[in-house]
Amino acid sequence: MFLLSTFHLKLKQGKDGREGKEGRKEKMDIRLERRKNKNRGYRKLWAWQKAIELYVLICEKVKEIPGSPYRLIEQIMNSASSISANIAEGYCRRSLKEYLYFLNIALGSSGEVYTRCYACYKAGQLSEKTVDEIDAKHYETEGELLRLVESLQKKQLEEEWQDSFLLRDEEV
């Protein structure tokens, strides 16, 4: 299974000694880590974590688009946020069939993100360096998502899935 036990960012302080943006992110991640329940297990999935990282990168990079056409930026950001959202929604449904359905929607959103960013590059709206950064993170995210789908499909074939919230403690 593709799990990560913690999801924390390093604390960074500004010149004035106060915590910076990264410090606030760390506190939020720690806060989320403390508030665990069985339905929040998706936060441990590599695919979900990579999807969040991709969304953050997209948010930073779409600002480079000249003239910042609002509709285009909104579409790119919505499709990027849809990846992690669909991973979470599928996980929370607890039915394997529904889980796989939402993971496939996440894969579709992943393709949409890449397509829109590549189109922006071809139109001269994103630099080659930027699109390469996005492509690398996208490839990583998509790979984790595909491995998760393959793992669940294997469980489906071997009938190893229980559609229940009665999970063992080590699964939380």
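Quick caveat: nothing in here was measured; it's all calculated off a predicted structure.

Section: the side chain of Thr141
Counting through the fold element by element, Thr141 comes out in helix α5 (residues 128-157). Of note is the side chain of Thr141, whose polar atom sits 2.8 Å from the backbone oxygen of Lys137. Sequence-distant contacts of Thr141, that is, excluding residues within four places in its chain, are made with Ala47, Lys50, Ala51, Leu54 and Ile83.

Description of the pattern of salt bridges
Scanning the entire structure with this criterion turns up 9 salt bridges. Residue Lys61 is joined to Glu133 by a salt bridge in which the shortest nitrogen-to-oxygen separation is 3.1 Å. Here Lys61, found in helix α2 (residues 46-61), pairs with Glu133, found in helix α5; they are 72 residues apart in sequence, far enough to count as distant. A salt bridge links Arg116 to Glu112; the nearest nitrogen and oxygen atoms lie 3.0 Å apart. Of the two residues, Arg116 and Glu112 are both situated in helix α4 (residues 96-122); the distance of 4 residues between them amounts to about one turn of the helix. Residues joined in a network through salt bridges with shared partners are Lys50, Glu53, Lys137 and Glu140.

Here's the deal with the packing of aromatic side chains
Under the definition given, this model contains 6 aromatic pairs. Relative to Tyr99, the ring of Tyr91 has its centre 5.9 Å away and its plane inclined at 90°; by these criteria the two rings are edge-to-face. The same class applies to Tyr91 as to Tyr99, namely buried. Consider the rings of Tyr114 and Tyr118, whose centres lie 6.0 Å apart with planes at 15°: the pair is stacked. Of this pair, Tyr114 and Tyr118 both sit in helix α4, 4 residues apart, roughly one helical turn. We classify Tyr114 as partly exposed; its relative accessible area is 28%. These aromatic residues form a ring-pair network of at least three members: Tyr42, Trp48, Tyr91 and Tyr99.

Focus on the packing of α4 against α5
With their axes 10 Å apart at the nearest point, α4 and α5 run at an angle of 165° to one another. The orientation of α4 with respect to α5, classified from their angle, is roughly antiparallel. Note on packing geometry: the crossing formed by α4 with α5 is left-handed. In terms of residue class, the contact of α4 with α5 is built from 17 nonpolar, 5 polar and 3 charged.

About the criteria used
- Residues numbered from 1 in each chain as written.
- Predicted model: local features only at pLDDT ≥ 70, side-chain atom pairs only at ≥ 80, totals over all residues.
- Heavy atoms only, no water.
- Helix = DSSP H or I, 4+ residues; strand = E, 2+ residues; numbered from the N terminus.
- Polar contact = N/O pair within 3.5 Å; in protein donor to acceptor, adjacent residues only side chain to side chain.
- Contact = heavy atoms within 4.5 Å.
- Salt bridge = Lys/Arg side-chain N within 4 Å of Asp/Glu carboxyl O.
- Phe/Tyr/Trp six-rings, centres within 6.5 Å; stacked < 30°, edge-to-face > 60°.
- Buried < 20%, exposed > 50% of the residue type's maximum accessible area, 1.4 Å probe, protein only.
- Axes fitted to C-alpha atoms, helices over the stretch in contact; angles between N-to-C directions.
- Parallel < 35°, antiparallel > 145°, perpendicular 65-115°, else oblique.
- Left-handed = near helix turned anticlockwise from the far one by under 90°.
- Nonpolar A, V, L, I, M, F, W, Y, C, P; charged D, E, K, R; others polar.

Geometry only, nothing functional implied.
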